[in-house]
Amino acid sequence: MEYSIIVEHLTKKFGNFTSVDNISFSVKKGEIFGLLGANGAGKTTTIRMLCGLLIPTSGTMNVAGYDVFTQGKEIRKHIGYMSQKFSLYEDLSVIENLELFGTIYKLKRDILHKRILQIIARLQMRNYATSKVEALPLGQKQKLAFATALIHKPEVVFLDEPTSGVDPLVRRDFWNMIYESASEGVTIVVTTHYMDEAEYCNRLCFMANGKVEIIGNPNDLKNNYKVENMNEVFHKISHR
Amino acid sequence: MKSFRALLIKEFRHIFRDMRTLVLILTMPIVLVVLFGYTIKNEISNTKIAVLDYSNDSYSKLFIEKMTASTYFQIVKVLKSENEIEQAFQQGLIHMAVVIPRNFEENIIRRKQSEIQMIIDASNINIATTLDSYGKQITASFQKEINQQLSNIQPFDVSIKMQYNLSLESAYMFIPGNIALIMIIVTALMTSITLSREKETGSWRMLAITPVRQLTMVVAKIIPYMIISLICTVIVIVLGIFMFKMPMHGSIALLSLVCVLFMFTACSLGVLISVYTKTQQVAMILCMLGLFLPALLLSGFIFPIENMPQVIQIISHIIPTKWFIIALKDIMIKGAGLITVWLPLSILSVMTLALMGLSLNKLISKNV
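Everything in this summary refers to the structure shown in the same document.

Conventions adopted
Residues numbered from 1 in each chain as written. Chains lettered and ligands numbered in written order. Predicted model: local features only at pLDDT ≥ 70, side-chain atom pairs only at ≥ 80, totals over all residues. Helix = DSSP H or I, 4+ residues; strand = E, 2+ residues; numbered from the N terminus. Rg over C-alpha atoms; globule rule 2.2 N^0.38 Å. Buried ≥ 20, exposed ≤ 12 C-beta atoms within 10 Å, placed from the backbone. Contact = placed C-beta atoms within 7 Å. Core = buried A, V, L, I, M, F, W, Y, C linked by C-beta atoms within 7 Å. Pairing = 2+ DSSP bridges.

## Quick look at the overall build of chain B
So, point 1. When its secondary structure is counted, chain B shows 14 helices and 5 strands.
So, point 2. Its C-alpha atoms give chain B a radius of gyration of 26 Å, clearly above 21 Å, the size a compact globule of 368 residues would have.
So, point 3. In terms of overall dimensions, chain B has a C-alpha envelope of 85 × 45 × 35 Å along the principal axes.
So, point 4. For chain B, with 368 residues in total, the buried portion stands at 40%.
So, point 5. In chain B, the share of contacts with a sequence separation of at least 24, taken over all contacts with a separation of at least 6, comes to 80%.

Rendered as structure tokens:
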């Protein structure tokens, strides 16, 4: 079995507060891996450490075959990241944003242009291509941010609550994009608050107070707790 | 290099798409110079003066007549000897004394150099500079008049002596001060705001997970503002020289060197502030309180440092703006070379290197 992410005994402390407490998990290549938990459970901290944005207090992480500590620079070429907060540049156009990130990832000009065309076609943004991003509706923005995170064809993509605040129709579309990427072999780590979205993941990891509560696929978890849907699983776990 | 270029282009796009801010920044130097120039330089009329006429001939009388004919001066005292000058100043009777030497007329007719001395009470700098220029104006027009009658007379030597504030501290001070303010606003303030904006919107994080180095990111962000601040500096200097007759006796190369050096100082301060702040608002307030106000009040820009309490004088030493203004003033007004300005220059260099090291170190080591 090929793993894209292997996390062992990962801990992050902010002063006296332990945000992530000795967690271990691994994610298979091409898997959609959901990180769930209440606010402050440590999901975002975990993702930021995996991206190399935060330095862990202890533990080891291996992402896309590289050690996060020693090969941080290599890893950056092979991961993508997108957060709940739309963080592309609002005053740049759709194309300018894509070009900027494509150039930073050192894509060749012709490849970059081909990809930009593909992305614009896929997102049906032909009419918006040269208009400023601030004119886009939120859902479109988030899809664009996802496409940007994928522009260099990374092996692993981290999505930190990518769909919060987005309407159900766009969410559905967003998840289609996630599936398409996963089918192309991209490993996806996603955090979410929506329990219906949790059902779309291949495997789930429930976190509470910085610890991993349980890891399993949605069906196993439902059977395990003898409930109908993920919402009830979530309640059972968080009120234990 | 390619990513650096892409980031630089992106930054210029941000700036040019926000036309309002750009126009505001570029008009600011004009507004500042005009505002300071005209508020500090006040018109003066009927200034009380004393006259000490050693010649007492027709030309000396003509000159005195010319002085009183203008509305600028009013003779309140006619002195008999040099000793009385100090006395008159001390009693607060006069702001200026005019001394006409012996053989005034004879010297003029014989085409010999003649000298008129003006002693000005410079404890109020603004009044003193105005009196200085009025005195010179009147002398010049007097000279022109005589030249029409006699032709080819030797030009007068007007010797101006500033009393009580010998080097005429902070005359024209508003130009160097304005350059400092502009640098702080454009470089420090704008840099810290734009850097914290990226943090606020999360785009900094997007960039931070790409292979591009933090240093590249920061440098690409700062360069456009450096360019703008230099443009603004040129505007201030040009306005100062052509509109307000600011002297420019020193070398332009040295002046540029000092300005570029201070630009780096301001820049490092801006980066340092942005490292410690998460939002644009906080960055702005910190810049205002931590940089702008000290630059305005403690640098000798408006208020002479010598008149401040000892404690504040000591504090003023750590304000980079103070050293920048000293160097600028020496170069522009006194025409000082590298040897004269080495002290403020090296203090400023050390401060800049320290600040730059500190800010870059903080920036790179910090979690995003």
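## As for the nonpolar core
So, point 1. Core analysis: the largest hydrophobic core is formed by 135 residues, its most contacted members being A:Phe158, A:Val189, B:Ala180, B:Ile184 and B:Ala327.
So, point 2. Of the residues forming this core, the biggest block, 15 residues, is contributed by helix α7 (residues 174-201) of chain B.
So, point 3. Residues contacting B:Ile184, with those up to four places away along its chain left out, are B:Leu189, B:Ala266, B:Leu291, B:Phe292 and B:Ala295.
So, point 4. With 28 residues, the next largest nonpolar core counts B:Ala50, B:Ala128, B:Leu131 and B:Ile138 among its residues.

## Remarks on the pairing of strand β1 (residues 3-14) of chain A
Working note: regular strand, side chains alternate between the two faces of the sheet.
Residues and elements named next belong to chain A.
So, point 1. Relative to strand β2 (residues 17-28), β1 is paired through 8 bridges, and the arrangement is antiparallel. Looking at β2, one finds that Ile6 is bridged to Ser26.
So, point 2. Hairpin geometry of β1 and β2 is characterised by an intervening segment of 2 residues between the two adjacent antiparallel strands and by a positive phi of about 65° at Gly15.
So, point 3. One ladder, built from 5 bridges, connects β1 with strand β4 (residues 58-63); its direction is antiparallel. The residue of β4 that forms the bridge with Val7 is Met61.

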